[in-house]
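Chain and residue survey
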Amino acid sequence: VQLQASGGGLVQAGGFLRLSCAASGGTFGRYTVSWFRQAPGKDRRFVATLYMRDRSTIYTDSVKGRFTVSRDNAKNTVYLQMNSLTPEDTAVYYCAASSSVIRSNVACPDAYAYWGQGTQVTVSS
């Protein structure tokens, strides 16, 4: 499956963005899709996941209540709605997919075989 991330941009603190991760070449509904982000000089870090097996969502603590992950199977697309953005959210955001990741591993980048190319999110203060 090929992933295409989009929707990043420059936004002021307190603003919002919606990222999209469009998939092609596979049955997207079979995949767990997660979002990661990587700030300059830092490791790629888990943001959120939409776990395929039970359709549950998992978020890292710093985005709980602000970010929402959802999917539209008809469009083969997963979204990350990001509200109340802060400068600390500035990073390149990546979507990743796996058909086999287990719940305890969803935050581990190595668990994902498929990655989008990344989209830059910059939040100004």
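Residues numbered from 1 in each chain as written. Predicted model: local features only at pLDDT ≥ 70, side-chain atom pairs only at ≥ 80, totals over all residues. Heavy atoms only, no water.

Evaluated as defined, the whole model comprises one disulfide. The disulfide that involves Cys21 links it to Cys95, with 2.2 Å between the sulfurs. Because the sign of the S-S torsion sets the handedness, a value of about 75° for the bond joining Cys21 and Cys95 places this disulfide among the right-handed ones. Here Cys95 lies in strand 9 (residues 91-98) and Cys21 lies in strand 3 (residues 17-24), a separation of 74 residues in the sequence. What makes Cys21 buried here is its relative accessible area of 0%. (Disulfide = S-S within 2.5 Å. Helix = DSSP H or I, 4+ residues; strand = E, 2+ residues; numbered from the N terminus. Buried < 20%, exposed > 50% of the residue type's maximum accessible area, 1.4 Å probe, protein only.)

A separate point is unusual backbone geometry. Leaving glycine aside, a negative phi is the common case for residues, and trans is the common case for peptide bonds. Of note in the backbone geometry, Asn76 takes a positive phi value of approximately 55° without being a glycine. Along the chain, Asn76 falls in the loop between strand 7 (67-72) and strand 8 (77-82).

Here the largest pocket defines a volume of roughly 200 Å³. Taken together, Arg37, Gln38, Ala39, Lys42, Asp43, Arg45, Phe46, Thr60, Ser62, Glu88, Thr90 and Ala91 make up the lining of the largest pocket. Secondary-structure elements contributing two or more residues to the lining of the largest pocket are strand 4 (32-38) and strand 5 (45-50). Class assignment for the residues of the lining of the largest pocket results in three nonpolar, four polar and five charged. (1 Å grid on protein atoms, 1.4 Å probe; cavity = no way out; pocket = protein on both sides within 12 Å on 5 of 7 lines; lining within 4 Å. Points joined across faces, edges and corners; volume = space filled by probe spheres on them. Nonpolar A, V, L, I, M, F, W, Y, C, P; charged D, E, K, R; others polar.)

We now examine the packing of aromatic side chains. Within a pair of aromatic rings, the relevant descriptors are the distance that separates the centres and the angle that separates the planes. Tallied over the entire structure, the rule returns six aromatic pairs. Between the aromatic rings of Tyr94 and Trp115, the centroid separation amounts to 6.4 Å while the plane-to-plane angle is 80°, which identifies the pairing as edge-to-face. Of this pair, Tyr94 sits in strand 9 while Trp115 sits in strand 10 (residues 114-115), placing them 21 residues apart in sequence. Residue Trp115 is classed as partly exposed on the basis of its relative accessible area of 27%. (Phe/Tyr/Trp six-rings, centres within 6.5 Å; stacked < 30°, edge-to-face > 60°.)

Looking now at the pairing of strand 8. Burial within strand 8 is extensive, with five of its six residues counted as buried. With six bridges connecting them, strand 7 and strand 8 associate as antiparallel partners. Along strand 8, the bridge assignment pairs Ser70 with Tyr79. The antiparallel hairpin formed by strand 7 and strand 8 contains four residues in its connecting segment, where Asn76 sits at a positive phi of about 55°. (Pairing = 2+ DSSP bridges.)

The next point concerns the pattern of salt bridges. Tallied over the entire structure, the rule returns four salt bridges. Between Arg37 and Asp89 there is a salt bridge, with the nearest N and O atoms lying 2.9 Å from each other. Of the two residues, Arg37 is situated in strand 4 and Asp89 in the loop between strand 8 and strand 9; the sequence distance between them amounts to 52 residues. Each member of the pair, Arg37 as well as Asp89, carries the same accessibility label: buried. The shortest N-O distance in the salt bridge between Arg103 and Asp54 comes to 3.4 Å. With a gap of 49 residues between them, Arg103 in the loop between strand 9 and strand 10 and Asp54 in the loop between strand 5 and strand 6 (57-59) connect regions that are remote in the sequence. (Salt bridge = Lys/Arg side-chain N within 4 Å of Asp/Glu carboxyl O.)

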